[in-house]
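# Examining the three-dimensional arrangement
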Amino acid sequence: MLDPELTVTVPAFLTEGVRPKPDAGLVSIPRTRIGSLTVDLNSSDTSEVRVPRNVIIPAGQTSATFDLDVMDDALRDGTQLAYITATALGCEPGLTRILIHDNESMTLSVSLPPDATEGNTNVVGRVSTSAAVPVWSVCR
Ligand SMILES: [Ca+2]
Ligand SMILES: [Ca+2]
């Protein structure tokens, strides 16, 4: 018989500076067990989001909740992706992803020549940002 699969569920995204609801994370198994099950949790990027080291699914239950903690860095780092994994002895590991939105801001400005002639298609404008645009680093 196959090992039961752990399922880990978290919000699709969280935002820096916004405290997640308590018990926003959930780990579950498909059927109850006679004994309790200790599930180890891991965040692939603890500079963005943290989870408890482990949670316990009590005997006779199929799930346990846990809190997520979002790091409010002062970096203009854009949206970051982290993976949350759940592992336990005798179970197939569970994996899910979460996006952490940035809360830093910047200013956009637009500059154009003071005048242009009708029909002239070579007028050049410029859009600029007050700081370097962050790279949306999904793949790392
Ligand atoms: Ca940030
Ligand atoms: Ca960040």
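Look a little higher up for the structure.
In this report, the structure presented in the accompanying data block is examined. (Residues numbered from 1 in each chain as written. Chains lettered and ligands numbered in written order. Predicted model: local features only at pLDDT ≥ 70, side-chain atom pairs only at ≥ 80, totals over all residues. Heavy atoms only, no water.)

## Some remarks on the pairing of strand β7 (residues 63-66)
Residues Ala 64 and Phe 66 of β7 are buried on one face, while the alternating residues Ser 63 and Thr 65, pointing to the opposite face, are not. Across four bridges, the pairing between strand β3 (residues 25-28) and β7 is antiparallel. Residue Leu 26 lies in a different strand from β7, and its bridge partner there is Thr 65. (Buried < 20%, exposed > 50% of the residue type's maximum accessible area, 1.4 Å probe, protein only. Helix = DSSP H or I, 4+ residues; strand = E, 2+ residues; numbered from the N terminus. Pairing = 2+ DSSP bridges.)

## Some words on the coordination of the calcium ion (ligand 2)
The calcium ion (ligand 2) binds to the protein through Glu 16 (OE), Glu 48 (OE), Glu 48 (OE), Asp 73 (OD), Asp 77 (OD) and Asp 77 (OD), with metal-donor distances spanning 2.1 to 2.9 Å. Viewed at the metal, the six donor atoms of the calcium ion (ligand 2) are separated by angles of 48 to 164°, and the geometry they form is irregular. One chain supplies every donor for the calcium ion (ligand 2), spaced along it as E-x31-E-x24-D-x3-D. Between the calcium ion (ligand 2) and the calcium ion (ligand 1), a spacing of 3.9 Å is present, and a bridge between the two is formed by Glu 16. Here Glu 48 lies in the loop between β4 (37-43) and β5 (49-50) and Glu 16 lies in the loop between β2 (13-15) and β3, a separation of 32 residues in the sequence. (Donors = N, O, S within 2.8 Å, 3.2 Å for Na, K, Ca; no water. Tetrahedral: all angles 85-135°; square planar, octahedral: opposite > 155°, others 65-115°.)

## Observations regarding the coordination of the calcium ion (ligand 1)
Donor atoms from the polypeptide that bind the calcium ion (ligand 1) are Glu 16 (OE), Glu 16 (OE), Asp 73 (O), Asp 73 (OD), Leu 75 (O), Asp 77 (OD), Asp 102 (OD) and Glu 104 (OE), placed at 2.2 to 3.1 Å. Each donor residue of the calcium ion (ligand 1) belongs to the same chain, and together they define the spacing E-x56-D-x1-L-x1-D-x24-D-x1-E. Look at Leu 75 and you get exposed, because its relative accessible area is 54%. Take Asp 102: its relative accessible area is 16%, and that puts it in the buried class.

## Quick notes on the sheet that holds strand β9 (residues 80-87)
Reading across from one edge, β2-β10-β9-β4-β6 is the order of the five strands in this open sheet, with mixed pairing throughout. Of all the strands in the sheet, just β2 and β6 (54-57) have a single pairing partner and so form its edges. Neighbour-to-neighbour, the strand axes of the sheet open up by a mean angle of 30°, direction not taken into account. Across three bridges, β2 lies against strand β10 (residues 94-101) in parallel orientation. Each residue of the ladder has a partner; that of Leu 14, found in β10, is Ile 100. (Axes fitted to C-alpha atoms, helices over the stretch in contact; angles between N-to-C directions.)

## Regarding the nonpolar core
With 24 residues, the main nonpolar core has Val 27, Val 39, Phe 66 and Ile 98 as its most contacted residues. The residues contacting Val 39, other than those within four sequence positions of it, are Leu 6, Val 27, Arg 53, Asn 54, Val 55, Ile 57, Ala 86, Thr 87 and Ala 88. (Core = buried A, V, L, I, M, F, W, Y, C linked by side-chain atoms within 4.5 Å. Contact = heavy atoms within 4.5 Å.)

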